[in-house]
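Inside the fold
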Amino acid sequence: MDTKKLKKRPIGVFDSGIGGLTVAKSLFDILPNEDIIYLGDSARLPYGTKSKETIILYSIECLKFLLKKNVKCIVIACNTASANALPFLQKITKIPVIGVIAPGAEAAVNKSKSERIGVIATMSTVQTDSYKKEIHKKNKGAKVFSKACSLFVQLAEDGWTDNKIAELVAKEYLSEFKSLDIDTLILGCTHYPILKSTIQKVLGRKIKLIDSGEETAKQVKEILINKELLNPQKKAGEHKFFVTDFQNKFKEISERFLGRKLGKVQKIKLT
Ligand code: DGL
């Protein structure tokens, strides 16, 4: 296909729900002239507690929806879907499919001096050991300590991000990282950046936090530059949002995750 036309196509992004709006936010900031189509599979949220087979199946359906929208590349904003389904999705299409694990792992390896890195994520992401594997591709000697912090997802959705409960939960989950002497912690779930200030408070300033979504957005930009696929338009990109269900308090949660007003959102069916 003619690259002039290809450049003008949108970027597709999908997540298990609206958590991936934290990743979309980074994409909007880093690639302001790109048109972006976001799909949140909110009807089937959470992916983080589901089996690998189910996550792959759901992810393929999300990918196919975006392919029908003629996107030029696909970003898997969901850590759980990236950890479980990335190679399967990459086999389905020739366009670049980018997950959040490798960019987050690479940034952690680059930032860590002690080569002791912590990872927090959903149960399913932790079980795949994907972050550990990606970290070891860059630094075989690094020590990686992973922990599932399931309650953070609900806290972020309820907006309980800076209160006593959030702090107590964070202390319970994260205290062991202090004695493990890590100097870098990967926020390996779409929802965790919402709790960043509480996590930082509990861990102290010396531990650097890596936001995988932000790192992914930087890598998407690099890929588009290398493949000469950056949209040449001067105007601000158009953003379209699709969900498979309107969960409770949808607007309030979405706008908290996105950090700005949300445009029109369309409800669709994937199957
Ligand atoms: N989006 C998921 C992730 O980043 C968190 C929510 C879920 O479990 O689906 O892993």
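Just above, that's the structure.
Below is a summary of the structure that appears in this document. (Residues numbered from 1 in each chain as written. Predicted model: local features only at pLDDT ≥ 70, side-chain atom pairs only at ≥ 80, totals over all residues. Heavy atoms only, no water.)

1. Brief notes about the packing of helix α2 (residues 21-30) against helix α11 (residues 212-226)
Put simply, the rule is: An axis is simply a line fitted to the C-alpha atoms; with a helix, the fit covers only the stretch in contact. Between two such axes, the angle follows the N-to-C directions and lies from 0 to 180 degrees. Working definition: helices are DSSP H or I runs of at least four residues, strands are E runs of at least two. Numbering for both runs from the N terminus. To sort the angles, those under 35 degrees are grouped as roughly parallel, those over 145 as roughly antiparallel, those from 65 to 115 as roughly perpendicular, and the leftovers as oblique. For any helix crossing, the convention is left-handed if the near helix is rotated counterclockwise from the far helix by under a right angle, and right-handed if that rotation is clockwise. We call two residues in contact whenever any of their non-hydrogen atoms come within 4.5 Å of each other. Classification convention: Asp, Glu, Lys, Arg as charged; Ala, Val, Leu, Ile, Met, Phe, Trp, Tyr, Cys, Pro as nonpolar; all other residues, Gly among them, as polar.
In the contact formed by α2 and α11, the axes pass within 8 Å of each other and the chain directions differ by 40 degrees. As the angle between them shows, α2 and α11 are arranged oblique. Regarding α2 and α11, the two cross each other, and that crossing is right-handed. Contacts between α2 and α11 involve V23, S26, L27 and I30 from the former and G213, E214, A217, K218, V220 and K221 from the latter. Here the residues of the contact of α2 with α11 are counted per class, giving five nonpolar, two polar and three charged.

2. Looking at helix α7 (residues 130-138)
At 3.6 residues per turn, the α-helix brings residues three or four places apart onto the same side. Put simply, the test is: A simple rule labels every residue: compare its accessible area, found with a 1.4 Å probe on the protein chains alone, to the largest value its type can have, and call it buried under 20%, exposed over 50%, or partly exposed in between. It is the directions from the helix axis to the C-beta atoms whose arc is reported.
Taken together, the buried positions of α7 are S130, Y131, E134 and I135. The buried residues of α7 all sit within an arc of 130 degrees when viewed along its axis, so they share a single face.

3. Considerations on the site of the ligand
Rules: Neighbouring residues are identified by heavy atoms, a residue being near a molecule or strand if any of them is within 4 Å of it. What qualifies as a polar contact is a pair of N or O atoms within 3.5 Å, subject to a donor-acceptor requirement within protein and to the restriction that residues adjacent in sequence count only when both atoms come from side chains. Here the accessible surface of atoms and residues is derived via Shrake-Rupley with a 1.4 Å probe, and residues count as covered only by protein chains that are part of the display.
Lining the immediate surroundings of the ligand are 13 residues, of which S16, Y47, G48, T80 and T190 lie closest. Note that an oxygen atom of the ligand is positioned 2.6 Å from one of the side-chain N or O atoms of S16. Between the ligand and the protein, one listed contact pairs an oxygen atom with a backbone N or O atom of G48 at 2.8 Å. When the ligand is considered free in solution it has 300 Å² of accessible area, and contact with the protein chains removes 99% of it. Tallied by class, residues from the shell around the ligand come to five nonpolar, seven polar and one charged.

4. Some details on the pairing of strand β7 (residues 184-188)
Inclusion rule: Should DSSP find at least two bridges between two strands, the strands are regarded as paired.
Most of β7 is tucked away, with five of its five residues classed as buried. Along β7, one buried face is formed by T184, I186 and G188 and the opposite face, lined by L185 and L187, is buried too. As paired strands, strand β5 (residues 116-121) and β7 are joined by five bridges and run parallel to one another. Its bridge partner lying in β7, G118 is registered against L185. Judged from the four bridges that link them, β7 and strand β8 (residues 208-211) form a sheet pairing that is parallel. Across the sheet, L187 pairs through a bridge with D211, a residue of β8.

5. Let's talk about the packing of aromatic side chains
Note the cut-off: Working definition: a ring pair exists when centres of Phe, Tyr or Trp rings (six-membered ring for Trp) sit within 6.5 Å. Plane angles under 30 degrees give stacked, over 60 give edge-to-face, the rest tilted. A ring has a charge above it when a Lys NZ or an Arg CZ is no more than 6 Å from the ring centre and no more than 35 degrees off the ring normal.
Using the criterion set out here, one finds seven aromatic pairs in the structure. Pairing F152 with Y192 gives two aromatic rings, centres 5.3 Å apart and planes at 85 degrees, and the pair type is edge-to-face. Of this pair, F152 sits in helix α8 (residues 151-158) while Y192 sits in the loop between β7 and α10 (196-203), and the two are 40 residues apart along the sequence. The residues F152 and Y192 share a single accessibility class, namely buried. Ring-pair connections join several aromatic residues into one group, and the members of that group are F28, Y38 and F241. R44 extends its terminal NZ or CZ atom over the ring of Y58, reaching a point 3.8 Å from the ring centre. Over the ring of F88 we find K91, and its NZ or CZ is 5.8 Å from the ring centre.

6. Considering the packing of α2 against helix α12 (residues 250-258)
Closest axis-to-axis distance for the α2/α12 pair is 8 Å, and the angle between their directions is 45 degrees. With respect to α12, the axis of α2 lies oblique. For the pair α2 and α12, the sense of crossing is right-handed. Contacts between α2 and α12 involve L21, T22, A24, K25 and F28 from the first element and S254, F257 and L258 from the second.

7. Observations regarding the sheet that holds strand β10 (residues 265-267)
Strand order in this open sheet of six strands is β4-β3-β1-β2-β9-β10, and the pairing throughout is parallel. The open sheet has two free edges, formed respectively by β4 (97-98) and β10, since each of these has just one partner strand. In terms of strand pairing, strand β1 (residues 11-15) meets strand β3 (residues 73-76) through four bridges, oriented parallel. Bridge assignment links F14 to a residue of β3, and that residue is I76. Sitting on the sheet, α11 touches β1, β3 and β4, and the angle it makes with β3 is about 165 degrees.

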